[in-house]
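Coordinates in review
Each chain is listed here by its residues.
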Amino acid sequence: MPAIIEHLLIGYGSESGNARTLARRLGDLPALQAYAPDVRALNDIEPTRLPAGTLLAVISSSFGDGDPPGNAETFLAQVQQAERLDGLNYVIFGLGDTAYPNFCGFTKTLDQALSERGAHAGIPRVDADACYEDFFERWTPVLQQVLAGNAQAGQALRLQVTAYGANTAFPARIIERRQLNQSLPGAWHIRLDITGSGMVYRAGDNLYVMPENDPALLQGLADWYGTPEAAEALAGKELRQLGKGLLRELARLSGNEQLKDLLKISQRKELESYLWGADLLDLLQDFCTPQTVPLAALLNCALPACLPRAYSIASAGGDHVDLCIREVIHERNGRTHRGCATNWLLRSDDPIRVFCRANPGFYLPRDTSIPLILVGTGTGIAPLMGLLRDIRTSGKRRDTCLIFGEKCSDKDFLYRQELRAMLDDGTLSDLYTAFSRDGGAKYYVQHAMADQSGYLRNMLAQGAHLYLCGNKRHLEQAVAGAVDSIMEGLPGLGENETGWQLLGRTGRLHRELY
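Residues numbered from 1 in each chain as written. Predicted model: local features only at pLDDT ≥ 70, side-chain atom pairs only at ≥ 80, totals over all residues. Heavy atoms only, no water.

Turning our attention to the side chain of His510. By secondary structure assignment, the location of His510 is in strand β19 (residues 509–513). Here His510 falls in the buried class, since its relative accessible area comes to 8%. A distance of 2.7 Å separates the side chain of His510 from the backbone oxygen of Gly361, its partner in a polar contact. Residues in contact with His510, not counting those within four places in the same chain, are Gly361, Phe362, Tyr363, His465, Leu466, Tyr467 and Leu468. (Helix = DSSP H or I, 4+ residues; strand = E, 2+ residues; numbered from the N terminus. Buried < 20%, exposed > 50% of the residue type's maximum accessible area, 1.4 Å probe, protein only. Polar contact = N/O pair within 3.5 Å; in protein donor to acceptor, adjacent residues only side chain to side chain. Contact = heavy atoms within 4.5 Å.)

Set out below in structure tokens:
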């Protein structure tokens with residue numbers, strides 16, 4: 001920092017309130033009070049009239065695809081109209097959303113404009129996604145060092161998320177595949193290497209995989225059409241997630257009455273049953289001919305590009321991403337059908353194109369005194385493992401109970417050894433299992449919850465958050481019923497309100513259902 005800093009001016013640009021909240025938190029830090037922090041909206045700051053000895057700390061989001069928030073537009077215009085801003089010392093903490101092509105666009109534009117006019121950045125600009133809390137905790141101590149005169153500490157800090165998406169996915173190598181169960185279909189641990197990607201994620205986030213279509217399916221389409229051109233033309237198209245628009249167009253082209261009947265509102269359940277596990281070749285074989293639906297006509301049906309598949313992340317950050325996936329494989333129409341992404345993840349030796357998306361609704365509460373109830377079935381344990389690994393790595397223990405359900409304890413106890421170790425070291429307070437096929441009567445997670453109702457009721461009375469992950473078909477309704485029974489009569493319930501509704505209303509319910 002070229003000059004001695006005597007005063008800290010904190011300017012925020014905010015639409016949803018996150019940046020304003022961070023600015024006020026920064027201004028309230030005890031270690032910064034010696035610099036008389038002054039917190040204002042950016043539009044209330046004149047960049048050309050800042051007194052000597054001032055450090056301007058900008059904390060701002062971007063609006064839409066990289067535009068300034070409404071309370072920062074005037075400030076940006078003043079900077080861009082200034083001839084020189086020599087002597088202005090600043091730092092920028094940008095908040096953005098990697099789903100937008102122009103990620104952190106406003107703070108990047110502001111940083112460039114300030115630099116071009118001779119202003120000096122005490123710390124390289126921060127580009128934060130929903131991981132901003134972690135970045136903020138790492139940024140503030142360095143800011144304190146910079147204010148105290150340690151310029152080198154500021155220049156050494158690099159906190160910039162690289163934005164990836166469907167069109168700019170990162171090629172990640174698979175560095176580990178390990179089957180977690182001894183039954184079929186297999187449940188697998190997959191580890192992907194993202195070293196050097198600049199990708200930042202945290203426990204609770206999702207990884208999107210850009211799969212490639214099964215060569216056997218593409219060959220089947222080529223055989224059905226009688227030309228290899230079909231495989232080439234359809235290689236990048238979505239062949240498994242079949243929308244109603246495509247079905248209607250195939251019904252129109254083929255004139256097939258059976259397909260037309262399936263598309264009637266009254267046949268919704270029958271259509272859902274038919275489509276489960278079906279692919280484009282099944283549709284063509286069952287209802288069409290190459291003459292009624294020529295390849296050129298099929299390509300005009302607005303088939304989308306192969307869609308990304310979302311997976312809950314089972315790790316807590318760093319240079320790798322862990323997944324827990326179930327192999328998708330079944331027989332239909334005399335063919336072996338494999339899941340589009342799972343087939344690629346389990347068999348490809350080539351890099352897998354991936355990108356992350358934040359999922360703040362599944363993050364842990366910052367207050368470590370809040371108890372946690374984690375409920376997962378099958379590979380639904382994936383994001384719960386991410387949360388547990390985060391707790392273990394951070395060293396910040398809390399009252400945490402895991403309820404895990406699967407079929408057989410001897411074959412399907414996913415992560416058994418690791419979970420036992422977490423019990424031993426205190427990461428987990430309690431672990432209850434529900435193996436549905438171990439006894440004469442089926443035993444599910446809702447039954448385990450009922451058996452531990454007193455313990456869980458006490459946790460919920462203390463404000464516990466509940467995290468639920470698994471197959472949405474039956475799990476949510478069953479667990480909601482168990483929670484309602486456990487929480488009956490607890491203080492805080494509104495009139496005619498169930499316990500499940502209370503958890504949702506108070507932000508204590510977190511769901512990842514698929």
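Here the focus is the sheet that holds strand β9 (residues 206–210). Taken in spatial order, the six strands line up as β10-β9-β14-β7-β8-β11 in an open sheet, and their pairing is antiparallel. If you trace the sheet from one side to the other, it starts and ends with β10 (309–312) and β11 (320–326), each paired once. Averaged over all pairs of adjacent strands, the angle between their axes in this sheet comes to 40°, without regard to strand direction. For strand β8 (residues 187–193) and β11, the ladder comprises seven bridges, and the chain directions are antiparallel. Residue Ala187 lies in a different strand from β11, and its bridge partner there is Arg326. (Pairing = 2+ DSSP bridges. Axes fitted to C-alpha atoms, helices over the stretch in contact; angles between N-to-C directions.)

On the surface, Glu15, Asp65, Asp67 and Glu73 cluster together into a negatively charged patch. Residue position: Glu73 is located in helix α2 (residues 73–81). (Patch = residues over 30% accessible without salt bridge, like charges linked within 9 Å, V, L, I, M, F, W, Y side chains within 5 Å. Areas by Shrake-Rupley, 256 points an atom, 1.4 Å probe, with all protein chains shown as cover. Salt bridge = Lys/Arg side-chain N within 4 Å of Asp/Glu carboxyl O. Lys, Arg positive; Asp, Glu negative; His and termini not counted. Charge placed at Lys NZ, Arg CZ, Asp CG, Glu CD.)

The next subject is unusual backbone geometry. Each neighbour pair has its own omega, and for Leu184 with Pro185 the value is -5°, a cis peptide bond. Take Pro185: it is sitting in the loop between β7 (170–179) and β8. At Ala36, a position not held by glycine, the phi torsion is positive, near 45°. Its location among the elements puts Ala36 in the loop between α1 (18–28) and β2 (38–41). Phi at Tyr415 is positive, roughly 60°, even though this residue is not glycine. Along the chain, Tyr415 falls in the loop between α15 (409–412) and α16 (416–425). In this structure Tyr415 comes out as buried when scored by relative accessible area, which is 5%.

A separate point is the UniProt feature "domain: FAD-binding FR-type" (unreviewed entry) in the protein chain. As annotated in UniProt, the feature "domain: FAD-binding FR-type" (unreviewed entry) corresponds to residues 167–365 in the numbering used here. Secondary structure content for residues 167–365 is 32% helix and 24% strand, while the C-alpha to C-alpha distance between its ends is 33 Å. (UniProt positions renumbered as here; feature names shortened; annotations may be inferred.)

Let's shift gears to the nonpolar core. The biggest cluster of nonpolar side chains holds 34 residues, and the ones touching the most others in it are Leu26, Ile59, Phe93 and Trp139. Every element with two or more residues in this core is listed here: β1 (7–13), α1, β3 (54–61), β4 (89–95), β6 (126–128) and α4 (132–147). If one sorts the elements of this core by residue count, α4 sits on top with eight residues. When near neighbours in sequence (up to four residues on either side) are disregarded, Phe93 contacts Leu22, Val58, Ile59, Ser60, Val126, Ala128, Tyr132, Phe135, Phe136 and Trp139. Counting residues in each nonpolar core, the second largest holds 31 residues, with Leu218, Ala251, Leu263 and Leu281 among its members. (Core = buried A, V, L, I, M, F, W, Y, C linked by side-chain atoms within 4.5 Å.)

Next up on the list: helix α6 (residues 215–225). The complete set of buried residues in α6 reads Leu217, Leu218, Gly220, Leu221, Ala222, Trp224 and Tyr225. The inward-facing, buried residues of α6 contact α7 (229–234), α11 (280–287), α12 (295–299) and β13 (335–338). Two or three places before Ala216, at the opening of α6, Asp214 has a side-chain oxygen 3.0 Å from that residue's backbone nitrogen. Trailing α6 by a residue or two, Gly226 shows a phi angle of about 75°, which is positive.

Turning our attention to the sheet that holds strand β15 (residues 372–377). Spatially, the five strands line up as an open sheet ordered β17-β16-β15-β18-β19, and their pairing is parallel. Lying at the two open borders of the sheet, with one neighbouring strand each, are β17 (430–435) and β19. Put simply, the sheet's adjacent strands are angled 10° from each other on average, direction ignored. Relative to β17, strand β16 (residues 400–406) is paired through six bridges, and the arrangement is parallel. Within β17, the residue paired with Gly405 across the bridge is Ala434.

Here the focus is the packing of aromatic side chains. Within this structure, the stated rule accounts for twelve aromatic pairs. A ring pair is formed by Tyr164 and Phe170, whose centres lie 5.8 Å apart and whose planes are at 65°; its orientation type is edge-to-face. Since its relative accessible area comes to 15%, Tyr164 is described here as buried. When the ring of Tyr208 is compared with that of Phe355, the centres are 5.2 Å apart and the planes differ by 5°; the resulting orientation is stacked. In this pair, Tyr208 sits in strand β9 while Phe355 sits in strand β14 (residues 352–357), placing the two residues 147 residues apart along the sequence. The positively charged end of Arg202 is found above the aromatic ring belonging to Tyr363, 3.8 Å away from the centroid. When the ring centre of Tyr274 is taken as origin, the NZ or CZ atom of Arg332, which lies over that ring, is 4.7 Å away. (Phe/Tyr/Trp six-rings, centres within 6.5 Å; stacked < 30°, edge-to-face > 60°. Lys NZ or Arg CZ within 6 Å of the ring centre and 35° of its normal.)

Packed helices, taken two at a time, are described by the angle their axes make and the gap between the axes. Where α6 meets α11, the closest approach of the two axes is 10 Å, and the angle between their N-to-C directions is 25°. Considered as vectors, α6 and α11 are oriented roughly parallel to each other. Where α6 crosses over α11, the handedness of that crossing is left-handed. On α11, the residues touching Leu217, Gly220, Leu221, Trp224 and Tyr225 of α6 are Leu280, Leu281, Leu284 and Gln285. (Parallel < 35°, antiparallel > 145°, perpendicular 65-115°, else oblique. Left-handed = near helix turned anticlockwise from the far one by under 90°.)

Our next topic: the environment of Leu275. Relative to the helices and strands, Leu275 resides in helix α10 (residues 268–275). Sequence-wise, Leu275 and Leu242 are 33 residues apart; in three dimensions their C-alpha atoms are separated by 7.9 Å. Leu275 has contacts with Leu242 and Leu247, leaving out every residue within four places of it along the chain.

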